[in-house]
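What follows is the residue order along each chain.
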Amino acid sequence: AGAVRLEALSDDGLVVAGQPVKLTLLAANRGAVPVAVKDISFELPKGEVFGFIGPNGAGKSSTIKVMATLLPKFEGKVEINGINIRRDPDKVRGCIGYVPDFFGVYEDLTAEEYLRMFAELFQVPEPERRIGALLEKVGLDGVRRKRMAEFSHGMTQKLSITRALLPDPDILLL
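Here's a quick rundown of the structure.

## Focus on a nonpolar patch on the surface
- A surface patch of nonpolar side chains, about 380 Å² in accessible area, is lined by Tyr106, Met117, Leu121 and Phe122.
- Along the chain, Phe122 falls in helix H3 (residues 111–122).
- Since its relative accessible area comes to 36%, Phe122 is described here as partly exposed.

And the structure:
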């Protein structure tokens with residue numbers, strides 16, 4: 001997979017890296033695919049917005065899953081905020097927000113109920129204030145009491161990003 005530096009996503013600081021992300025993957029294995037990633041290395045300084053471009057099967061998603069501590073079978077070294085993900089994956093999970101390709105949504109819940117549930121799980125201080133501010137920022141404040149079953153795909157994606165931003169992560173993986 002080729003790595004391409006992207007210009008800033010937005011001027012409002014929604015996507016911010018903490019300390020540098022340092023990644024050197026010699027190989028990553030994913031299920032039946034013997035080597036999904038081979039020989040990739042990069043560092044991301046604070047504030048960098050970074051994207052992967054490449055063909056299917058090149059290892060883009062696998063690399064992100066390694067960074068999110070969801071793909072433990074890899075050779076190499078990955079540090080997020082100076083934390084080695086092999087040594088302390090729980091600490092790494094505490095400083096990242098992750099939005100997977102497929103995200104479970106609870107169609108019977110309203111957007112507000114969904115975010116309250118995750119705010120409780122993430123132990124977000126002042127959850128109502130944080131939820132309100134994020135819903136306004138992503139343009140979903142007007143539908144906060146709508147059932148998620150009524151949401152378009154784009155609205156569901158915005159809500160998933162909002163969920164990932166709830167604990168105010170240092171790094172957002174999309």
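## Quick look at the environment of Gly47
- Checked against the element boundaries, Gly47 lands in the loop between strand S3 (33–44) and strand S4 (50–53).
- It is 9.6 Å that separates the C-alpha atoms of Gly47 and Asp170, two residues lying 123 residues apart in sequence.

## Thoughts on the pairing of strand S5 (residues 74–80)
- Taken together, the two bridges between S5 and strand S6 (residues 83–84) define a ladder with antiparallel strand orientation. Each bridged residue has a counterpart across the sheet, and for Ile80 the counterpart in S6 is Ile83.
- Connecting the antiparallel pair S5 and S6 is a turn made up of two residues, with Asn81 showing a positive phi of about 55°.

## Considerations on the packing of H3 against helix H5 (residues 153–165)
- Contact geometry of H3 with H5 gives a least axis separation of 9 Å together with a crossing angle of 25°. Considered as vectors, H3 and H5 are oriented roughly parallel to each other. The handedness of the crossing between H3 and H5 is right-handed. Note on element contacts: H5 touches H3 through Leu159, Thr162 and Arg163, opposite Ala111, Tyr114, Leu115, Phe118 and Phe122.

## Some words on the packing of helix H4 (residues 127–138) against H5
- Two elements in contact, H4 and H5, have axes whose closest approach is 10 Å; the angle formed by their N-to-C orientations is 140°. Looking at the two axes, H4 sits oblique to H5. Relative to H5, H4 is oriented so that their crossing is right-handed. Across from Arg130, Leu134, Leu135 and Val138 in H4, the residues of H5 making contact are Lys158, Leu159, Thr162 and Leu165.
- Each residue belonging to the contact of H4 with H5 can be placed in one class, and the counts come to five nonpolar, one polar and two charged.

## Quick notes on the nonpolar core
- Among the nonpolar cores identified, the biggest contains 24 residues, and Phe42, Met67, Val78, Ile80, Ile96 and Leu173 are the most heavily contacted of them.
- Broken down by secondary-structure element, the contributors of at least two residues to this core are strand S2 (21–30), S3, helix H1 (60–67), S5, strand S7 (96–98) and strand S8 (171–173).
- Top element by residues in this core is S3. It accounts for four residues.
- Judged by nonpolar contacts, the second largest core, of 21 residues, contains Phe118, Leu135, Val138 and Leu165.

## Thoughts on the pattern of salt bridges
- Tallying each qualifying case throughout the model produces ten salt bridges.
- Residue Arg116 is joined to Glu128 by a salt bridge in which the shortest nitrogen-to-oxygen separation is 3.0 Å. On the criterion of sequence distance, the pair formed by Arg116 in helix H3 and Glu128 in helix H4 is long-range, its members being twelve residues apart.
- Arg116 sits in the partly exposed class, given a relative accessible area of 36%.
- Classification of Glu128 by relative accessible area gives partly exposed; the value is 40%.
- For the salt bridge of Arg130 with Asp168, the shortest nitrogen-to-oxygen distance reads 3.8 Å. Residue Arg130 is found in helix H4, and its partner Asp168 is found in the loop between H5 and S8; the two are separated by 38 residues along the sequence.
- Asp168 gets classed as exposed once you look at its relative accessible area, which sits at 54%.
- In this structure, a network of salt bridges that share partners links the residues Glu112, Arg116, Glu128, Asp141, Arg144 and Arg145.

## Some details on the layout of surface pockets
- Of the voids in this model, the second largest pocket is the one considered here, and its volume is about 260 Å³.
- Around the second largest pocket sit Ala68, Leu70, Arg93, Gly94, Ile96, Gly97, Tyr98, Pro100, Phe122, Arg163, Ala164 and Pro167, which together line it.
- Where the lining of the second largest pocket is concerned, the elements lending two or more residues are S7 and H5.
- The element best represented in the lining of the second largest pocket is S7, accounting for three residues.
- Across the lining of the second largest pocket, the residue classes break down as eight nonpolar, two polar and two charged.

Calculation notes
- Here the residue numbers are simple positions, counted from 1 along each chain's written sequence.
- pLDDT decides what is reported in this predicted model: residues at 70 or higher carry local features, side-chain atom pairs at 80 or more are listed and counted, and totals for whole chains, interfaces and linings draw on all residues regardless.
- Hydrogens and water molecules were not included; the side-chain quantities draw on all heavy atoms of the structure.
- Only residues above 30% relative accessible area that lack a salt bridge enter a patch, with like-charged residues linked at up to 9 Å and the nonpolar side chains Val, Leu, Ile, Met, Phe, Trp and Tyr linked at up to 5 Å.
- Note on areas: Shrake-Rupley with a 1.4 Å probe; residue coverage comes only from the protein chains shown.
- Every case where a carboxyl oxygen of Asp or Glu lies within 4 Å of a side-chain nitrogen of Lys or Arg is listed as a salt bridge.
- The way it works is that DSSP assigns letters per residue, a run of H or I at least four long becomes a helix, a run of E at least two long becomes a strand, and they are numbered from the N terminus.
- Note on classification: 1.4 Å probe, protein chains only; a residue is buried when its accessible area is under 20% of the maximum for its type, exposed when over 50%, partly exposed between these limits.
- When DSSP finds at least two bridges between two strands, those strands are taken to pair.
- To get an axis, fit a line to the C-alpha atoms, keeping to the stretch in contact for a helix; angles then go from 0 to 180 degrees between the N-to-C directions.
- Working rule for angles: under 35 degrees goes down as roughly parallel, over 145 as roughly antiparallel, 65 to 115 as roughly perpendicular, anything else as oblique.
- We call a crossing left-handed when the near helix sits turned anticlockwise from the far one by less than a right angle, and right-handed when that turn is clockwise.
- Contacts were defined at the residue level, with two residues in contact if any of their heavy atoms lie within 4.5 Å.
- Put simply, Ala, Val, Leu, Ile, Met, Phe, Trp, Tyr, Cys and Pro go in the nonpolar bin, Asp, Glu, Lys and Arg in the charged bin, and everything else, Gly too, in the polar bin.
- The criterion is simple. A nonpolar core is a set of buried Ala, Val, Leu, Ile, Met, Phe, Trp, Tyr and Cys residues joined through side-chain atoms within 4.5 Å.
- Cavity: a set of points on a 1 Å grid over the protein atoms alone where a 1.4 Å probe fits but cannot get out. Pocket: an open set with protein on both sides within 12 Å along at least five of seven lines, its lining residues, like those of a cavity, having an atom within 4 Å of a point.
- Grid points are joined across faces, edges and corners, and a volume is the space filled by probe spheres set on the points.

Distances and angles like these do not, on their own, reveal function.
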